[in-house]
Amino acid sequence: MKSSTQPGVDITPLAPQGCVGCKDATPLPIEIDFAFQPIVDVRSKAVFACEALVRGAGGESAATVLAQIDEGNRYHFDQRCRQVAIATAAALALDAHLSINFMPNAVYRPEVCIRTTLEAAQTHGFPLEKIIFETVEGEHIADRAHLVDIFKAYKSYGFRTAIDDFGAGYSGLSLLVDFQPDLVKLDMSLLRGIDTDSVRQRIVKGILSIARDLGIEVIAEGIETQGERDFFVAHGVSLMQGYFFAKPAFRAIPHLDPHVFA
């Protein structure tokens, strides 16, 4: 079918094969759409990526959507999110990376579950190397070894990988022992008021040092003030995301005001 809200965006469900989750054709209880929030590069003063944030078809919040997702429809939801996010980003002519959140517990066999993503990217002409798959450190992971296998499989296909909300849970640093993603997104609880908080500064400086040593790029997520932005600029972090730069825009790529780089 064609999206009624986004003319020209073909989001026909694709049919993967070969794993348990693929056999569940139960319709989702809610239509999904996306808002997009930029991740900016303050050095180049450009958009590095846009994170696709799930919404209902009428703009309903992510919480409203996720409240209707359960064990029975998680796989279908995860796959549908990838398809719609890629199709919408392509229709909006996104000329940057696209960051898509995925649910590790919805991926049964990475090489099979990735098929819909590959097909969607090919159908809509979106470059594979511009897709970032991210998952939150604090999500309840049934099997950490399985998550590492997913990340490794995605990387082998040319996708970039990221851990979101890094520092929010207990597993982040230990996860880095087994796999080093391309990016980590610092949890916003570590960032709030960091320009005046010496404890946060010490913790974040330690994380930045580890990331540099491992060749991992850091995104400061949740930037809301100039002081927070300036702290990270002073410590060599150029990728940032947050309301200081732009709020998520429903079915649109937000416009950046030049003052956010001043």
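As a reminder, the structure under discussion sits directly above these lines.
Everything in this summary refers to the structure shown in the same document.

Calculation notes
Residues numbered from 1 in each chain as written. Predicted model: local features only at pLDDT ≥ 70, side-chain atom pairs only at ≥ 80, totals over all residues. Heavy atoms only, no water. Helix = DSSP H or I, 4+ residues; strand = E, 2+ residues; numbered from the N terminus. Buried < 20%, exposed > 50% of the residue type's maximum accessible area, 1.4 Å probe, protein only. Phe/Tyr/Trp six-rings, centres within 6.5 Å; stacked < 30°, edge-to-face > 60°. Pairing = 2+ DSSP bridges. Expected span 1.5 Å × (residues − 1). Contact = heavy atoms within 4.5 Å. Polar contact = N/O pair within 3.5 Å; in protein donor to acceptor, adjacent residues only side chain to side chain.

Details of the environment of Ile163
- Its location among the elements puts Ile163 in strand β5 (residues 160-166).
- In this structure Ile163 comes out as buried when scored by relative accessible area, which is 1%.
- In this structure, the C-alpha to C-alpha distance between Ile163 and Ile219, residues 56 residues apart in sequence, is 10.0 Å.

Observations concerning the packing of aromatic side chains
- Following the criterion strictly, the structure yields 10 aromatic pairs and no others.
- Geometrically, the ring pair formed by Phe102 and Phe151 is edge-to-face, given 5.8 Å between the ring centres and 90 degrees between the ring planes. Here Phe151 lies in helix α5 (residues 144-156) and Phe102 lies in the loop between β3 (97-101) and α3 (110-113), a separation of 49 residues in the sequence. Accessibility assignment for this pair places Phe102 and Phe151 in one class, buried.
- With a centroid separation of 5.0 Å and an interplanar angle of 5 degrees, the aromatic rings of Phe151 and Phe179 are classed as stacked. Within this pair, whereas Phe151 is found in helix α5, its partner Phe179 is found in the loop between α6 (172-178) and β6 (183-186), the two being separated by 28 residues in sequence.
- Residue Phe151 is classed as buried on the basis of its relative accessible area of 0%.
- Residue class for Phe179 comes out buried when judged on its relative accessible area of 6%.

Quick look at the environment of Ser61
- If you trace the backbone, Ser61 turns up in the loop between β2 (46-56) and α1 (62-66).
- Distance from Ser61 to Ala35, taken between C-alpha atoms, is 9.8 Å for residues 26 residues apart in sequence.

Focus on the pairing of strand β4 (residues 131-136)
- Of all six residues in β4, five are buried; the element is thus mostly enclosed.
- Where β3 meets β4, four bridges bridge the pair, whose relative direction is parallel. Opposite Leu98, over in β4, you have Ile131 as the bridge partner.
- Summarising the sheet, β4 and β5 pair through five bridges and their orientation is parallel.

Topic: the pairing of β6
- The two faces of β6 match: Leu183 and Lys185 on one face and Val184 and Leu186 on the other face are all buried.
- Pairing of β5 with β6 involves three bridges; the strand directions are parallel. Following the sheet pairing, Phe166 is matched in β6 by Leu186.
- Strand direction decides the pairing type here: β6 and strand β7 (residues 217-221), joined by four bridges, are parallel. Bridge pairing in β7 links Leu183 to Glu217.

Digging into helix α8 (residues 198-214)
- In this model, α8 (17 residues) spans 25 Å end to end at C-alpha, consistent with the 24 Å of a helix rising 1.5 Å per residue.
- On its buried face, α8 is in contact with β5, β6, α7 (188-191), β7 and α9 (226-234).
- You can read the cap of α8 off the contacts: a side-chain oxygen lies 3.0 Å from the backbone nitrogen of Val199, and it is on Asp197.
- Gly215 sits one or two positions beyond α8 and adopts a positive phi of about 75 degrees.

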